[in-house]
Amino acid sequence: GGTKGAPRGGASDSDDDTRCEVCDGDEDTAKMLLCDGCDRGFHFYCLPRPMLELPPGEHWWCEACSNAAAEAAALPLRVGSGLRARDAPSGASLPTWRDGVADSMGRPEGEEWRGELAVLVHFRGGRGAGDEWISAESGGRLQTLGGGGLGGGGGDAD
């Protein structure tokens, strides 16, 4: 098998028996993700919200596992939910907010996440922002597009 939540390229044919849950194909394994929650495989271009490239980091959760994680955390998010994300603190007097969409949610292992729910935000527009994992439970960096803050208060948008 390959690494969960990471591209599956490089796995030997004898180890690589994961099929895409959408198209049932077992080819193009370099563009297949394994869900960290259920171990099911998905080509990133077969997802309901197709990705143009692999997401950043080593983690990824499918829509069912993402939505279950958000529901368990009592957060009003689902895959495809519109979000506003504040740039990480940089000493600027006014925060910059960017619109995006929740693409994946889960609880990554590792000291930097402290067991918090992380949201993979796909930013709209071409400002070179790329996708980013952001904590939904601390820091106040995320808001739903309706204006509700998530985890630690969303603060006022500019």
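Our structure's up above, just so we're on the same page.
As the structure is a prediction and not an experimental result, all values here were calculated from the model.

Draft legend 1. The arrangement of the pattern of salt bridges in detail. Tallying each qualifying case throughout the model produces 11 salt bridges. In this structure, D26 engages R19 in a salt bridge whose closest nitrogen and oxygen atoms are separated by 3.2 Å. For E21, the salt bridge is made with R40, and the minimal N-O distance between the two is 3.9 Å. With E21 in the segment before β1 (32-34) and R40 in the loop between β1 and β2 (41-43), the pair connects residues that are 19 residues apart, well separated along the chain. A relative accessible area of 30% means that R40 is categorised as partly exposed. Ionic contacts of the salt-bridge type, sharing partners, join the residues D87, R98, E132 and R141 into one network.

Draft legend 2. Main features of the environment of S135. You can see S135 is positioned in strand β6 (residues 132-135). Take S135: its relative accessible area is 11%, and that puts it in the buried class. In this structure, the C-alpha to C-alpha distance between S135 and L120, residues 15 residues apart in sequence, is 8.9 Å. Side-chain polar atoms of S135 contact the side chain of E116, separated by 2.6 Å. Within polar-contact distance, the side chain of S135 engages the backbone nitrogen of E137 at 3.2 Å.

Draft legend 3. Spotlight on the sheet that holds β6. Overall, antiparallel pairing links the 5 strands, which are arranged β6-β5-β4-β3-β7 in an open sheet. Strand pairing shows two members of the sheet lacking a second neighbour, β6 and β7 (142-144), which therefore form its edges. Ignoring which end each strand starts from, the neighbouring axes of this sheet average 45° apart. Pairing of strand β5 (residues 118-123) with β6, which is carried by 4 bridges, proceeds in the antiparallel orientation. Of the residues in β6, the one forming a bridge with V119 is I134.

Draft legend 4. Geometry of the pairing of strand β3 (residues 82-86). A large share of β3 lies buried, amounting to 5 of its 5 residues. Burial along β3 is two-sided: the face carrying G82, R84 and R86 and the face carrying L83 and A85 are both buried. As defined by bridge partners, β3 adjoins strand β4 (residues 97-106) across 5 bridges and the pair is classed as antiparallel. Looking across to β4, one finds that A85 is bridged to R98. In the sheet, β3 pairs with β7 via 3 bridges, with the strands oriented antiparallel. The residue bridging R84 from the neighbouring strand is Q143, located in β7.

Cut-offs and rules
- Residues numbered from 1 in each chain as written.
- Predicted model: local features only at pLDDT ≥ 70, side-chain atom pairs only at ≥ 80, totals over all residues.
- Heavy atoms only, no water.
- Salt bridge = Lys/Arg side-chain N within 4 Å of Asp/Glu carboxyl O.
- Helix = DSSP H or I, 4+ residues; strand = E, 2+ residues; numbered from the N terminus.
- Buried < 20%, exposed > 50% of the residue type's maximum accessible area, 1.4 Å probe, protein only.
- Polar contact = N/O pair within 3.5 Å; in protein donor to acceptor, adjacent residues only side chain to side chain.
- Pairing = 2+ DSSP bridges.
- Axes fitted to C-alpha atoms, helices over the stretch in contact; angles between N-to-C directions.

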